[in-house]
Amino acid sequence: MKAESILYSLISVLKPFRRNKIPPEKKTRAINLYLHGLSYRQVGTILEISHTTVWEAVQKLAEAVYQPTLLAVRKQRNFIAVDETVVKINGEKRFLWAALDVESREVLAVWITTTRNWWIARDFILVVLKSCKGQPVFLVDKGPWYKSAFKSLGLDYLHVTFGPRNCVERWFRTVKERTKRFWNNFRARDWRRVHRFVFLFAFWYNFVRIHSSFGDPPGDVTEWLQEVIPQLS
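What you see is a predicted model, and the numbers here were worked out from it, not measured in a lab.

Participant: Sorry if this is basic, but what is going on with the overall build of the chain here?
Facilitator: Broken down by element type, the chain carries nine helices and eight strands. The principal-axis extents of the C-alpha atoms in the chain amount to approximately 55 × 40 × 35 Å. Evaluated residue by residue, the chain yields a buried proportion of 51% over its 233 residues. For the chain, contacts bridging at least 24 residues in sequence account for 62% of all contacts bridging at least 6. Of the roughly 12100 Å² that the chain leaves accessible, carbon and sulfur atoms contribute 50%. Computed over 37 positive and 21 negative side-chain charges, the separation of the two mean positions in the chain equals 5 Å.

See the structure below:
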């Protein structure tokens, strides 16, 4: 599969796994099946490995791709859609923020916060700008926190209900299609583990998952590696 080939190339460079009896090809397939929506136990049954091995493989890769905290390379971007949605961690409501390049469909940043206000929105936008050249126009809904955030940064933004901003809402639906496996309620004592999972899912969406509109992933994993590897050395 093309997706697994991309994922295996990434793993070959990042080397997140220790050498053991389980070959990296099998761990690669395990991660891909898990991110597609199967549970740890289902993946373990299919590949005839323990569900703990699957869990460990997912966690190791999540830690490896999270180290540079960069989801997309820095390039010219014209329009960026920003939104947030509610998720649950151990039954408690949290907010998942996301920003997508409207044209390329790349996820530029994801965050999880306990609340939402203008200074959180401002800090999130600053993270998004790390993947941008020039001054893109941001497309947002009428959340009151955006007005003060963009004003403080001197950036252009538009209130858009439908149309181009739908790409970020479609991405949220893709995320929740995955998390419905555990009733959209993350069970983790450490919320940072949840954030790493969401980051890994966004990374998989950008560079591994085949986008139906393009016939390829939205981003180029080779470009990403060329940009982030120097940061990790």
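Participant: For this particular structure, what's the right way to read the nonpolar core?
Facilitator: One recurring pattern in soluble globular proteins is that nonpolar side chains are buried together. Within the largest apolar cluster, 62 residues are counted, with the highest numbers of intra-cluster contacts made by Leu10, Ile31, Leu96, Val110, Trp171 and Trp224. Of all the elements, helix α8 (residues 191–207) adds the most residues to this core, at 11 residues. In this structure Ile31 touches Leu7, Ile11, Phe17, Ala57, Val58 and Leu61, once residues within four positions along its chain are discounted. Leu108, Ala109, Trp145 and Leu155 belong to the second-largest nonpolar core, a separate cluster that totals 21 residues.

Participant: I'm lost on the packing of aromatic side chains in this one. Help?
Facilitator: How two aromatic rings sit relative to each other is given by the distance of their centres and the angle of their planes. Counted by the stated rule, this structure contains 18 aromatic pairs. Pairing Trp171 with Phe172 gives two aromatic rings, centres 5.9 Å apart and planes at 55°, and the pair type is tilted. Taking the relative accessible area as the measure of exposure, Phe172 reaches 6% and is therefore buried. Among the aromatic side chains, those forming a connected cluster through ring pairs are Trp97, Trp111, Phe124, Phe138, Trp145, Tyr146, Phe150 and Tyr157. When the ring centre of Tyr34 is taken as origin, the NZ or CZ atom of Arg178, which lies over that ring, is 4.2 Å away.

Participant: Help me understand the side chain of His195, please; the structure alone is not making it clear to me.
Facilitator: Here His195 lies in helix α8. Once residues within four sequence positions are removed from consideration, His195 is found in contact with Tyr66, Val110, Trp111 and Ile112.

Participant: Would you take a moment to explain the pairing of strand β6 (residues 137–140) for this structure?
Facilitator: Covered by surrounding structure in β6 are Val137 and Leu139 together with Phe138 and Val140, the residues of both alternating faces. The pairing of strand β2 (residues 79–89) with β6 spans three bridges and is classified as parallel. Looking at the pairing, Ala81 lines up with Leu139 of β6. Pairing of β6 with strand β7 (residues 157–159) involves three bridges; the strand directions are parallel. Paired with Val140 across the bridge in β7 is His159. The parallel pair β6 and β7 is bridged by helix α6 (residues 144–153), and the resulting crossover is right-handed.

Participant: What exactly am I supposed to notice about the side chain of Asn117 here?
Facilitator: Within the element layout of this structure, Asn117 appears in the loop between β4 (107–113) and α5 (118–128). A distance of 3.3 Å separates a polar atom in the side chain of Asn117 from a polar atom in the side chain of Trp119. Within the structure, the side chain of Asn117 is placed 2.9 Å from the backbone nitrogen of Ile120, a separation counted as a polar contact. Once residues within four sequence positions are removed from consideration, Asn117 is found in contact with Trp97 and Trp145.

Participant: Would you mind showing me how to read the pairing of strand β3 (residues 92–101) here?
Facilitator: In the case of a regular strand, side chains alternate between the two sheet surfaces. Here β3 lies mainly inside the structure; eight of its 10 residues are buried. Pairing between β2 and β3: 10 bridges, direction antiparallel. From the neighbouring strand, Ile89 faces β3, where its bridge partner is Glu92. Counting the residues in the hairpin turn of β2 and β3 gives two residues, including Asn90, whose phi is positive at 55°.

Rules of the game
- Residues numbered from 1 in each chain as written.
- Predicted model: local features only at pLDDT ≥ 70, side-chain atom pairs only at ≥ 80, totals over all residues.
- Heavy atoms only, no water.
- Helix = DSSP H or I, 4+ residues; strand = E, 2+ residues; numbered from the N terminus.
- Buried < 20%, exposed > 50% of the residue type's maximum accessible area, 1.4 Å probe, protein only.
- Contact = heavy atoms within 4.5 Å.
- Areas by Shrake-Rupley, 256 points an atom, 1.4 Å probe, with all protein chains shown as cover.
- Lys, Arg positive; Asp, Glu negative; His and termini not counted.
- Charge placed at Lys NZ, Arg CZ, Asp CG, Glu CD.
- Core = buried A, V, L, I, M, F, W, Y, C linked by side-chain atoms within 4.5 Å.
- Phe/Tyr/Trp six-rings, centres within 6.5 Å; stacked < 30°, edge-to-face > 60°.
- Lys NZ or Arg CZ within 6 Å of the ring centre and 35° of its normal.
- Pairing = 2+ DSSP bridges.
- Right-handed = clockwise from strand over helix to strand, strands pointing away.
- Polar contact = N/O pair within 3.5 Å; in protein donor to acceptor, adjacent residues only side chain to side chain.

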